[in-house]
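Each chain, letter by letter, is given below.
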Amino acid sequence: MRAVQVAIVTLEGFNELDSFVAMTILGRVDQPDCSVAIASPAPTVASMNGVTVEVQMSFDDLPAADAVIIGSGTKSREHAADPVVLESLRLDPRRQLIGSQCSGALMLARLGLLEGLPVCTDSATRPWAVEAGLDVVERPFSASGNIATAGGCMSSQYLATWMIARLCGVDSARHALRSVAPVGEEDDQVERGLGHVRSTFRSPSPATAGVRSPVLPT
């Protein structure tokens, strides 16, 4: 199996849950050649609560990633209006899986990646997303082709599950979810997570040509 790289775009004022929950689940993939990294323009980045982390990937390396998550935070509207930030996000939806978490949808919208798609976001971001002309739906997760959106901090587990299943297979996604599930709730956690993403694999899109499709269990 070839190496798989996932990048989580994490900017100043980021929401810790939105970046770290997805990162933790993606880091539990039971395949040695799958890696996940925090990506940002600067060497360090501070969260909405003052937690500072060292960045593992620069924006220059984003084009080489197999999948990219755009995280959220208190400054997402500012970042989405910043042409320097937008120009540095060189993403390719024909080849990469691209997902947004909560207010990260505002950035995907500015990049023109959400046109005509149902969009999931958090309740605080919803008015701004509607104002931007997005078709916001009352669901935690939605995906079409290589583009996905998630709404609500804990929905990041569904975004991570979708990416793992697409890149590494459903069995790997099941393993990752089970490894972080509350004790005694493993089966429920796995089925809930896979249930949110399984239906998105039923109708292949031309946009998925460059990314492998999952092998669904019978």
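Throughout this document, residue positions are counted from 1 along each chain, in the order its sequence is written. Residue-level local features of this predicted model are given only where pLDDT is at least 70; pairs of side-chain atoms are given and counted only at 80 or more, and the full residue set underlies all totals for whole chains, interfaces and linings. Excluding hydrogens and water, the side-chain figures rest on all heavy atoms present in the structure.

A. Representation of the pattern of salt bridges in the model. Here, a salt bridge means any side-chain nitrogen of Lys or Arg that lies within 4 Å of a carboxyl oxygen of Asp or Glu. A full pass over the atoms with the stated rule returns four salt bridges. A salt bridge links Asp171 to Arg174, with the shortest nitrogen-to-oxygen separation between them at 3.0 Å. Note that Asp171 and Arg174 are positioned in helix α7 (residues 170-180) at a spacing of three residues, about one turn of the helix. Per the convention used, a helix needs a DSSP run of H or I reaching at least four residues, while a strand needs a run of E reaching at least two, with both numbered from the N terminus.

B. Structural context of the environment of Thr74. Structurally, Thr74 is set in the loop between β5 (67-70) and α2 (76-80). In this structure, the C-alpha to C-alpha distance between Thr74 and Asn146, residues 72 residues apart in sequence, is 26 Å. Every residue pair with non-hydrogen atoms within 4.5 Å of one another is taken to be in contact. Sequence-distant contacts of Thr74, that is, excluding residues within four places in its chain, are made with Gly13 and Met48.

C. A look at the nonpolar core. Nine residue types can take part in a nonpolar core, namely buried Ala, Val, Leu, Ile, Met, Phe, Trp, Tyr and Cys, and a core is a set of them joined through side-chain atoms within 4.5 Å. Under the scheme applied here, a residue whose accessible area is under 20% of the maximum for its type counts as buried, over 50% as exposed, and between as partly exposed, the area being computed with a 1.4 Å probe on protein chains only. With 36 residues, the main nonpolar core has Val6, Ile8, Leu26, Phe141, Trp162, Met163 and Ile164 as its most contacted residues. In terms of residue count, helix α6 (residues 156-168) provides more of this core than any other element does, nine residues in total. Excluding residues within four positions of it along the chain, Leu26 makes contact with Val6, Ile8, Val36, Ile69, Ala160, Met163 and Ile164. Residues Leu11, Met57, Leu113 and Ile147 belong to the second largest nonpolar core, which totals 29 residues.

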